[in-house]
Amino acid sequence: MQQFTTTILQFAEMGKKTGWTYIRVPGAIAQKLLPGNKKPFRVKGRLDDHPVKQVALLPMGGKADGDFIMPVNATMRKAIRKRKGDRVMVALEVDKAVIQLPKDLLECLADEPQALAFFKNMAKSHQNYFGKWVDSAKTDATRAKRIAQTVNAMAKSRTFSEMLRSLKQEREDFGR
């Protein structure tokens, strides 16, 4: 387990990452977690006393001396009661757990061969976006709606972010 203290940061202008809240994981620490690795990988551990798991560490590219970032989503920020500019104690280790996709999502995709084919051709991490979104539904009705929206997005060859933009546009077009 690698432990360190850092500041919560937020991207101003960074393409698709604009507005993201994150922490920087120094390259030296990332190398202790997974020696020789320069690709995204999953970690588990704690932010202050809040447990985290299956969180991605993303490489910052050549200009950051091998540093990685770890997105800190709203759920995490609420749990630790911190925001941009606050200091946080971090304890991380590699998370080797395999993310299981929701069975009901896979069953519905199986009924639509074109949608299933597009889904299977996506990177595992992108498939996981959809699976986590479906699993985070609080009601059965919301879960069913999200499964249907995912199948429709796959049939239209849309990524997760493209689907979300499309759903937002539909709400705006229909006044909700």
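Structure's up top.
The structure reproduced in this document is the subject of the present report.

About the cut-offs
- Residues numbered from 1 in each chain as written.
- Predicted model: local features only at pLDDT ≥ 70, side-chain atom pairs only at ≥ 80, totals over all residues.
- Heavy atoms only, no water.
- Helix = DSSP H or I, 4+ residues; strand = E, 2+ residues; numbered from the N terminus.
- Buried < 20%, exposed > 50% of the residue type's maximum accessible area, 1.4 Å probe, protein only.
- Lys, Arg positive; Asp, Glu negative; His and termini not counted.
- Salt bridge = Lys/Arg side-chain N within 4 Å of Asp/Glu carboxyl O.
- Polar contact = N/O pair within 3.5 Å; in protein donor to acceptor, adjacent residues only side chain to side chain.
- Contact = heavy atoms within 4.5 Å.
- Pairing = 2+ DSSP bridges.
- Phe/Tyr/Trp six-rings, centres within 6.5 Å; stacked < 30°, edge-to-face > 60°.
- Core = buried A, V, L, I, M, F, W, Y, C linked by side-chain atoms within 4.5 Å.

1. Section: the side chain of D95
- Relative to the elements of secondary structure, D95 occurs in the loop between β7 (87-94) and α3 (103-110).
- The buried charged residue D95 lacks any salt bridge partner; its closest oppositely charged side chain belongs to K44, at an N-O distance of 4.8 Å.
- Within the local environment of D95, its side chain forms a polar contact with the backbone nitrogen of Q54, the two atoms lying 2.8 Å apart.
- Of note is the side chain of D95, whose polar atom sits 3.0 Å from the backbone nitrogen of A97.
- Excluding anything up to four places from it in sequence, D95 contacts R42, V43, K44, K53 and Q54.

2. A closer look at the sheet that holds β7
- Taken together, the seven strands give an open sheet; going across it, the order is β1-β7-β4-β5-β6-β3-β2, and neighbouring strands pair in antiparallel fashion. Edge strands, defined here as strands with exactly one partner in the open sheet, are β1 (2-7) and β2 (9-10).
- One ladder, built from six bridges, connects β1 with β7; its direction is antiparallel. Across the sheet, the residue bridging to T7 is R87, located in β7.

3. So, the packing of aromatic side chains
- Across all of its chains, the model carries six aromatic pairs by this definition.
- With centroids separated by 4.2 Å and ring planes inclined at 20 degrees, the aromatic side chains of F11 and Y22 adopt a geometry described as stacked. Separated by 11 residues along the polypeptide, F11 in the loop between β2 and β3 (21-25) and Y22 in strand β3 bring together distant segments of the chain. The pair formed by F11 and Y22 is uniform in burial state, with each residue classed as buried.

4. Observations concerning the nonpolar core
- In terms of nonpolar packing, the biggest core is built from 22 residues, with L47, L57, M70 and L92 touching the most fellow members.
- When contributions to this core are tallied by element, the ones reaching two or more residues are β3, α1 (27-33), β4 (41-47), β5 (50-59), β6 (68-71), α2 (74-80) and β7.
- Tallying contributions element by element places β7 first for this core, with four residues.
- The residues touching L47, leaving out its near neighbours within four places in the chain, are I23, V52, M70, V72, M76, I80, V88, M89 and V90.
- Formed by 17 residues, the second largest nonpolar core is a distinct cluster that contains L101, F130, V134 and F160.

The quantities given are spatial measurements derived from coordinates; they are silent on function.
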